[in-house]
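Coordinate inspection notes
So you can see what is in the structure, the chains are spelled out below.
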Amino acid sequence: MVGGRRILDRVVDAFLEAFGTLPLLIANDPQAVGWRPDLEVRADLRPGAGALGGLLSAIHAGGGLPVVLAAWDMPFVPAGLLRELAAGLADHDAVLPASDGRRGVEPLLAAYGPACEAAIVRSLDRGDRRAIAFHAEVRVGILPLERVRTFGDPALIFLNVNESDDLAQAEAKWQARGSARS
């Protein structure tokens, strides 16, 4: 919970605002079907393959259509950024927002076309599970950091909640946003 709402619900709302449709939930927890009964849930095609396995699962579930994805532990995903990433697929196989993070991009809030599926499979078959392992094999577009900033602070947008410290940070940032609006 961040700001009194589940993070998953916040991500779903961003997808509804951006595209008018419910997203698919990729989750390996057997209880995931009860988290939001209105969502279709699929487990990873390759359990244990990390984030790249999740990307593969989402792209495969797209059935040959492009997909936009966001990690369901990111409480501050803006709908406008989701739409911008999707629009970039007209010229690229993958569109990722630039970030100040260690990879320089955020692969867990990005858009992927069907060409990425085979490239990801090859990366996994080589034993490379990095979320960007397949980029050399596809046409990658990077949304510049300046453009990402038009949707909000990248540190806030890309914040994902993996541990209790992350949750406390997210809640503090949520509270700070609310007091800044008052």
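Note that this is a predicted model, so its numbers are computed, not measured. (Residues numbered from 1 in each chain as written. Predicted model: local features only at pLDDT ≥ 70, side-chain atom pairs only at ≥ 80, totals over all residues. Heavy atoms only, no water.)

**Considerations on the packing of aromatic side chains**
One pass over the structure, following the stated rule, counts four aromatic pairs. Ring geometry for Phe76 and Trp174: centres 6.3 Å apart, planes at 20°, overall stacked. In this pair, Phe76 is assigned in the loop between strand E3 (67-70) and helix H3 (79-87) and Trp174 in helix H7 (residues 164-181), connecting sequence segments 98 residues apart. Residue classification places Phe76 among the buried residues on the basis of a relative accessible area of 5%. (Phe/Tyr/Trp six-rings, centres within 6.5 Å; stacked < 30°, edge-to-face > 60°. Helix = DSSP H or I, 4+ residues; strand = E, 2+ residues; numbered from the N terminus. Buried < 20%, exposed > 50% of the residue type's maximum accessible area, 1.4 Å probe, protein only.)

**Considerations on the nonpolar core**
Counting residues in hydrophobic clusters, the biggest one holds 53 residues, and the most contacted among them are Leu55, Leu82, Leu109, Tyr112, Cys116, Ile120 and Phe134. Leaving out residues up to four positions away in the same chain, Ile120 has contacts with Leu52, Leu55, Leu56, Ile59 and Phe134. (Core = buried A, V, L, I, M, F, W, Y, C linked by side-chain atoms within 4.5 Å. Contact = heavy atoms within 4.5 Å.)

**Comments concerning H3**
Turning to H3, its buried residues number three or more, namely Ala79, Gly80, Leu81, Leu82 and Leu85. At its buried positions, H3 is contacted by helix H1 (7-19), E3, strand E4 (94-97), strand E5 (109-112), strand E6 (140-143) and helix H6 (154-157).

**Describing the environment of Gly141**
Inspection of the secondary structure assignment puts Gly141 in strand E6. Taking relative accessible area as the criterion, Gly141 reaches 5% and is therefore assigned buried. Between the C-alpha atom of Gly141 and that of Leu108, which follows or precedes it by 33 residues, the distance is 15 Å. For Gly141, the contacting residues outside a window of four places in its chain are His92, Ala94, Val95 and Leu96.

Honestly, it's all geometry; don't read function into it.
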